[in-house]
Amino acid sequence: MSGLPQTQPRGARVVHHAAFLAALVVGLVASFGCRGAIGERVEDDPVGPRTSDECQKPLQTQLPPVYRSLTGAQYATVLATAFPSATSAVEAMPNPWLLSEASTEYTTNAGSLKMMLNGTNAIAAEARAELNVEYPCLRDTPGDRSCLERVVDGTLAKLYNGEIVASERDSKVDYLAQLLEDFSFDLALDTFVSTVMMSPRALYRSEMGVDNGDGTSTLTAREMADALSFQISGGRPDAPLLRAIEDGDLSLEEMREHGQRLAHATGRSGPERFVSELMTIGHMDDVFRVDGDEQDAIPDAVKDALRAEAEEFIRRSVRSGGPIVDHLLTSETAIAGPLTLPLHGVDVGEVTPDEDGFYVLDTSGRPGLMLQPAMMALLAQREHTDPVKRGNFVLSRFICFEMPAAPPDVPALDAVDSDMPMTVRERLEISHQDPTCNTCHRYMDGIGLSFEAFDHLGRERTLELGEPVDTSGSVNVRVASVDGDLDNAQELVQRLSAAGEVQTCVATHAFSYVSGVPADTSLDTCLFEANQSIAEDAGGDIVEEFVRILSSELYRVRHLDRVSPYTPGEVPPEPEPEPEPE
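Residues numbered from 1 in each chain as written. Predicted model: local features only at pLDDT ≥ 70, side-chain atom pairs only at ≥ 80, totals over all residues. Heavy atoms only, no water.

1. Section: the overall build of the protein
To keep things clear, this is the line we draw: Secondary structure counts use DSSP, requiring at least four H or I residues in a row for a helix and at least two E residues in a row for a strand, with both numbered from the N terminus. To sort residues, take the accessible area from a 1.4 Å probe on protein chains only and compare it with the maximum for the residue type: under 20% means buried, over 50% means exposed, and anything in between is partly exposed. Here a residue-residue contact requires only that any non-hydrogen atoms of the pair lie within 4.5 Å. Note that accessible areas follow from Shrake-Rupley with a 1.4 Å probe, and for residues the cover is restricted to the protein chains shown.
Within the protein, the secondary structure is distributed over 23 helices and 15 strands. Counting only residues that meet the buried cut, the protein has 54% of its 582 residues in that class. Look at the contacts in the protein between residues 6 or more apart in sequence, and 72% of them connect residues 24 or more apart. A total of about 24,400 Å² of accessible surface is found on the protein, and carbon and sulfur atoms cover 51% of it.

2. With respect to the state of the cysteines
The test is simple: Criterion for a disulfide: a pair of cysteine sulfur atoms within 2.5 Å.
In total, this model carries two disulfides according to the counting rule given. In this model, Cys137 is linked to Cys147 through a disulfide, with the two sulfur atoms separated by 2.0 Å. A torsion of 80 degrees about the S-S bond marks the disulfide between Cys137 and Cys147 as right-handed. Taken as a pair, Cys137 in helix 4 (residues 137–140) and Cys147 in helix 5 (residues 145–159) lie far apart in primary sequence, ten residues in all. Neither residue differs from the other here; Cys137 and Cys147 are each classed as buried. Two residues share a disulfide in this structure: Cys400 and Cys505, whose sulfurs sit 2.1 Å from each other. The sign of the S-S torsion, about 95 degrees, decides the handedness of the disulfide formed by Cys400 and Cys505: right-handed. Of the two residues, Cys400 is situated in the loop between helix 16 (387–398) and helix 17 (424–431) and Cys505 in helix 20 (residues 500–515); the sequence distance between them amounts to 105 residues. Counting only the cysteines that form disulfides, in the order they appear in the protein, gives the pairing 1-2, 3-4.

3. Points about the pattern of salt bridges
Stated precisely, the cut-off is as follows: Within this document, salt bridges are pairs made up of a side-chain nitrogen of Lys or Arg and a carboxyl oxygen of Asp or Glu, the two lying within 4 Å of each other.
Within the structure shown, the criterion is met by 32 salt bridges. The partner of Arg316 in a salt bridge is Glu312, and the shortest N-O contact between them spans 2.6 Å. Of this pair, Arg316 and Glu312 both sit in helix 13 (residues 300–320), four residues apart, roughly one helical turn. Assessed through its relative accessible area of 24%, Arg316 is described here as partly exposed. A relative accessible area of 10% means that Glu312 is categorised as buried.

4. Notes on the packing of aromatic side chains
Selection rule: Pairing of aromatic rings covers Phe, Tyr and Trp, the last counted by its six-membered ring, and requires centre-to-centre distances within 6.5 Å; plane angles under 30 degrees mean stacked, over 60 mean edge-to-face, and any other angle means tilted. Note on criteria: charge over ring means Lys NZ or Arg CZ within 6 Å of the ring centre, with the direction from the centre no more than 35 degrees off the ring normal.
What the rule picks out here adds up to five aromatic pairs. With centroids separated by 6.3 Å and ring planes inclined at 75 degrees, the aromatic side chains of Phe393 and Phe398 adopt a geometry described as edge-to-face. Per residue, the accessibility class of Phe393 equals that of Phe398, and both read buried. Arranged with centres 6.0 Å apart and planes meeting at 45 degrees, the rings of Tyr513 and Phe546 form a pair that is tilted. Here the residue Tyr513 occupies a position in helix 20, and Phe546 occupies one in helix 22 (residues 542–551), the gap between them amounting to 33 residues. By relative accessible area, which is 0% here, Phe546 ends up buried. The structure contains a cluster of three or more aromatic residues connected by ring pairs, namely Phe274, Tyr513 and Phe546. In this structure, Arg558 packs its charged tip against the face of Tyr555, placed 4.8 Å from the ring centre.

5. Comments concerning the packing of helix 5 against helix 6 (residues 166–182)
Just so we agree on the cut-off: Interaxial angle, 0 to 180 degrees, is taken between N-to-C directions of lines fitted to C-alpha atoms, where a helix line uses only the stretch in contact. Roughly parallel refers to an angle under 35 degrees, roughly antiparallel to one over 145, roughly perpendicular to one between 65 and 115, and oblique to any angle outside these ranges. Crossings are classed by handedness, with left-handed meaning an anticlockwise turn of the near helix from the far one by less than a right angle and right-handed meaning a clockwise turn. Any residue outside Ala, Val, Leu, Ile, Met, Phe, Trp, Tyr, Cys, Pro, Asp, Glu, Lys and Arg is labelled polar, Gly included; the first ten of those are nonpolar and the last four are charged.
Close contact between helix 5 and helix 6 brings their axes to 9 Å; oriented N to C, the two are set at 120 degrees. By the criterion of interaxial angle, the relationship of helix 5 to helix 6 is oblique. When the axes of helix 5 and helix 6 are compared, the crossing they make is right-handed. Residue-level inspection shows Arg145, Leu148, Glu149, Val151, Val152, Asp153 and Leu156 of helix 5 in contact with helix 6, the latter providing Arg169, Asp170, Lys172, Val173, Asp174, Leu176, Ala177 and Leu180. Along the lines of polarity and charge, the residues of the contact of helix 5 with helix 6 split into eight nonpolar, no polar and seven charged.

6. Topic: the packing of helix 16 against helix 20
Relative orientation of the contacting elements helix 16 and helix 20 amounts to 75 degrees, with a least axis distance of 8 Å. It follows from the interaxial angle that helix 16 and helix 20 lie roughly perpendicular. In contact with Ser396, Arg397 and Phe398 of helix 16, helix 20 contributes Glu501, Val502, Cys505, Val506 and His509. Residues of the contact of helix 16 with helix 20, tallied by class, amount to four nonpolar, two polar and two charged.

7. What about the confidence of the model for the protein?
Here is the rule we go by: One confidence number per residue, pLDDT, is output by the predictor and ranges from 0 to 100.
Of all residues in the protein, 77% have pLDDT values of 70 or greater, and the mean over the chain is 81. Note that pLDDT drops below 50 for residues 56–61; the model gives that stretch 18 contacts with residues more than four away or on any other chain.

8. What to know about the environment of Ala380
Tracing the chain through its elements places Ala380 in the loop between helix 15 (373–378) and helix 16. Classification of Ala380 by relative accessible area gives buried; the value is 5%. Counting along the chain gives 78 residues from Ala380 to Gly458, while the straight-line C-alpha distance between them is 8.6 Å. Apart from residues lying up to four places away in sequence, Ala380 is in contact with Phe288, Thr385, Asp386, Lys389, Arg390 and His456.

9. Examining the environment of Gly516
Considering the arrangement of structural elements, one finds Gly516 in the loop between helix 20 and helix 21 (525–538). Spatially, the C-alpha atom of Gly516 lies 9.3 Å from that of Leu63, the residues being 453 residues apart in sequence.

10. Some remarks on the sheet that holds strand 6 (residues 216–218)
Let me state the cut-off plainly: Strands are labelled as partners when DSSP assigns at least two bridges between them.
The strand order 5-6-15 describes an open sheet built from three strands, whose pairing is antiparallel. The strands lining the two open edges of the sheet, one partner per strand, are strand 5 (210–211) and strand 15 (557–559).

Printed below as a string of structure tokens:
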């Protein structure tokens, strides 16, 4: 995801942070075998989940003590907050390397680092002007150590994560003094700010904890405050949150209070980003794009509008509270823009936009985000629907039933030979008769075919090739609350929404997003049971789930036998030597 752990790092991987990826993937998948759903062993799967009786044993998903890299969105929030006048430069900064939307990407390369350095240099030039205003002593009394100490204290407080160590502060004061002595005033300040921005202390936050003496460490109150703030608001802890940890503790009630406050105060909260990644909204640009060629049926402006309405739906759903699964699957309102109203089957003259310029539509017959044009177009092909893609999406996102990638030699659905026009359903039935194909398609196709009332552009339809559309389907994942025959997709989403296992699946995705661990939800019953408790306690509210994940023992207690390059509590070393200005 995106933050869901399916996204792979971009570019050549030449710098690896092994501690962050240490032995956390659970289980193997046999060729053409399908992994289990919600703790159930699946036929043909040689690797089964652990049973409940084994859950007292250490979870395979135990977290190591780590220094956690910021995502691009988090880093941009830190910079824009630290230097408001540099907001334009921050927005223009490339987002190439480990600072991606995916919380599980921890690699970078030399080319990306150069792009990053160029971006920080532009920001530093803007930041310099702010420092001149904030600290007039820099020009009035150049070289005065007390002035330099104030500059360093203020800059590190804005950009460094965690507590500032005295030795760090003193070394930065000496470094700034040396720069001012050796170079011009402007170049010295630019270099100092760029150095701080590129420091590991600005790019990473600590999840090392304090050694408990029993092979584990527990995150400190400051580390918990950092985790809560970065995961909810995308930035560093604010003054109210820092005051809450002055006694060295951060209770669940305090985390809930500040988590809800931060979620509603920020422009786009972490839970909103998670739900967007869960629904793969960021892939809207790729709709109908094949090898750089685009289908004119959905121009870029309409794609942008579809993404905007989906993001707005998610924003309103998260902020209104309640079970996020219900919003995604059974909400009776939808959000549309003027460009997308035709895809919703609504004439612009029939509705009035709200104060944000969106149209709020009654969707009692087409509930939830899942059945809206944005999702149906996202999960389709250029010229026809794609039941396989739609079925696989439901399996992975809502049932935690992971399918292996299709073999590379699988022919396209259009390749089915026929002298007569054939519906998508008829083509699927022919192409998946092969027992090898049916091993996995028996799970996907029945779900995906229930969406056939929505064409490849997400429009409702009743006919295909002049005949009534067949919307029947089935779910067969050995989960009693969702299994059975279906009349249509409306029945599917209602059934999914009512299933506690689906709430737990989404909570498990949230755990993976928040922790950065690519947890194999289908093979570890223990992790699934832990997240079932989190989902139930949170009532399905995604902000509350974030808070309860962060406050859980699964997250707070780290296991020192996991690979980690530093001693718990130790500050990661600065690069040596300090970079010289060009």
